[in-house]
Amino acid sequence: MIDGIGAFGSGEHGSETMMGRVLVIALALSLGVTGAVQAQTTEQGLAAMQARLQADEGYAGVFGVSRNGQTEVGSIARSDGAWPTDPSTPVRWASVSKMSTAILVFQQIDAGTISLDTPVVTYLPGTTVANADRITLRQLLAHRSGLAAELETPDGPTADALQYCGAARAEPGSDFFYNNCDTIVLGKVLEAVTGLAFLDLVNSRIGAPLGLTLTLPEGPRVEATMEDGSAEPRIWLSAFGPAGGLYGTIGDLLTIDMALIEGRLISAASLDTMLTGDPASGYAALSVWSYSPDLGACIGTTRLVERYGEIGGVQMRNFLLPDLKLALAVYSNDHRTTFGEVWQGQGLSIDLIRAAACGAAPAA
């Protein structure tokens, strides 16, 4: 399966260079200075984001920012008119779906029905998942379960995404290895302990309290351009499920972001556990990446939570700045858009964060 990434995970970030990146990030953090954030309206932030995206040749999609209880969302159409989107369009969240799955896990932890350090087999007796008697939920969330990536991408409907998972590549608790199977297994655990199908669980425990409804398409979708300019192959999102199948508007995603960092979805203790990054794993936390870079501009050094997603030609970028009560999200249906890495201190992603927070778009 083609799928998304986290800030310093595998995929386009490359786990093989993890240690080098950790050293670079650590140096960048040690040199950071704290800056005062200027008060800006969300309208100014959105306008600055739009200006920066329009300066990026070829970008098309939907983007938005939430701050101070207000959310603003905009869109830029493709020049070829294909796959039109606007702020009301439900879009593919890809691996940003993993964050919602993690929220559901921590809700069950808060309710006392599951525990982070309990083996999977406790909740899925008889499962075919390798080493289920030793893999814990914490290891699944941290991508340290030792499970391998999916065996293949199904070109057709799949009755159970778990059929493509289950094999081991390493011992539980060993090295970081980004994959979808970890989150697919978590989805099965959630269904087992709640008695609800994954999408019903999402909409009853996250959607309903926040006044939104998410979907998980059953049929194939084609809605983006690949890096070579061709249309993406048809993709069955049901095969990704909890790991990458959710659809919602950018406004829906920002609503969840703000509810999360404001403590309205999980307890303070669970939020702290979820958002604590591990320097040894490139600041991977539990389903997200979390670190405190110097973002420059009007921001300075502050905590940043990243969640990326890529399936087919779709790219998603979701950034949460919990201490500033600020979140932004960007959807692109053209894989030729180059976002860059925030920790490198330059590129589209960090420019968009600065635009959202400071209300002034840097030069492209």
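You'll find the structure just up there.
Nothing here was measured: the structure is a model prediction, and the numbers come from that model. The numbering scheme is per chain: residues are counted from 1 as the chain's sequence reads. The predicted origin of the model limits local features to residues at a pLDDT of at least 70 and limits the giving and counting of side-chain atom pairs to 80 or more, whereas totals for whole chains, interfaces and linings rest on all residues. Each side-chain value is derived from all of the structure's non-hydrogen atoms; neither hydrogens nor water enter the calculation.

## Re the packing of aromatic side chains
Inference 1: What counts as a ring pair is set by centres within 6.5 Å for rings of Phe, Tyr and Trp (its six-membered ring), and what kind of pair is set by the plane angle: stacked under 30 degrees, edge-to-face over 60, tilted for all other angles. Under the counting rule described, the total for this entry stands at five aromatic pairs.
Inference 2: Geometrically, the ring pair formed by phenylalanine 176 and tryptophan 289 is edge-to-face, given 6.1 Å between the ring centres and 75° between the ring planes. Taken together, the residues phenylalanine 176 in the loop between helix H4 (137-141) and helix H5 (181-194) and tryptophan 289 in strand S7 (residues 289-291) connect sequence positions 113 residues apart. Summarising the burial analysis for this pair, phenylalanine 176 and tryptophan 289 share the class buried.
Inference 3: Centroid distance tyrosine 308 to phenylalanine 319: 5.9 Å. Interplanar angle 85°. Geometry classified as edge-to-face. Placement of tyrosine 308 in strand S8 (residues 304-311) and of phenylalanine 319 in strand S9 (residues 314-321) is noted, with a sequence separation of eleven residues between them. An identical accessibility class is assigned to tyrosine 308 and phenylalanine 319; each is buried.
Inference 4: Here a set of aromatic residues connected by ring pairs shows up, and it is made of Phe176, Tyr178 and Trp289. Each helix is a run of DSSP H or I of at least 4 residues and each strand a run of E of at least 2, with the numbering of both proceeding from the N terminus. For each residue, the accessible area found with a 1.4 Å probe, counting protein chains only, is set against the maximum for its type, and the residue is called buried under 20%, exposed over 50%, and partly exposed in between.

## Looking at the pattern of salt bridges
Inference 1: Each reported salt bridge corresponds to a side-chain nitrogen of Lys or Arg within 4 Å of a carboxyl oxygen of Asp or Glu. As enumerated under the stated definition, the model contains 14 salt bridges in all.
Inference 2: The partner of arginine 92 in a salt bridge is glutamate 232, with the nearest N and O atoms 2.8 Å apart. With a gap of 140 residues between them, arginine 92 in strand S3 (residues 91-92) and glutamate 232 in the loop between strand S4 (220-221) and strand S5 (235-236) connect regions that are remote in the sequence. By the burial criterion, arginine 92 is buried, and glutamate 232 matches it.
Inference 3: The shortest N-O distance in the salt bridge between glutamate 171 and arginine 134 comes to 2.6 Å. On the criterion of sequence distance, the pair formed by glutamate 171 in the loop between H4 and H5 and arginine 134 in the loop between helix H3 (97-111) and H4 is long-range, its members being 37 residues apart.
Inference 4: Glutamate 171 gets classed as partly exposed once you look at its relative accessible area, which sits at 47%.
Inference 5: Here the salt bridges share partners, and the residues they tie into one network are Arg92, Arg221, Glu223 and Glu232.

## Quick word on unusual backbone geometry
Inference 1: For serine 287, which is not a glycine, the phi torsion comes out positive at approximately 90°.
Inference 2: Tracing the backbone shows serine 287 in the loop between helix H8 (268-274) and S7.
Inference 3: Backbone geometry at lysine 325 places phi at a positive 55°, although glycine is not the residue there.
Inference 4: Under the relative-accessibility criterion, lysine 325 is labelled partly exposed at 36%.

## Side note on the pairing of strand S10 (residues 326-332)
Inference 1: Within S10, seven of the seven residues are buried, leaving the element largely enclosed by the surrounding structure.
Inference 2: Residues of S10 alternate between two faces, with Leu326, Leu328, Val330 and Ser332 on one and Ala327, Ala329 and Tyr331 on the opposite face, all of them buried.
Inference 3: Direction of pairing for strand S1 (residues 61-67) relative to S10: antiparallel, over a ladder of seven bridges. Opposite serine 66, over in S10, you have alanine 327 as the bridge partner.
Inference 4: With seven bridges connecting them, S9 and S10 associate as antiparallel partners. Bridge pairing in S10 links methionine 316 to tyrosine 331. Think of it this way: DSSP has to see at least two bridges between two strands before they count as a pair.

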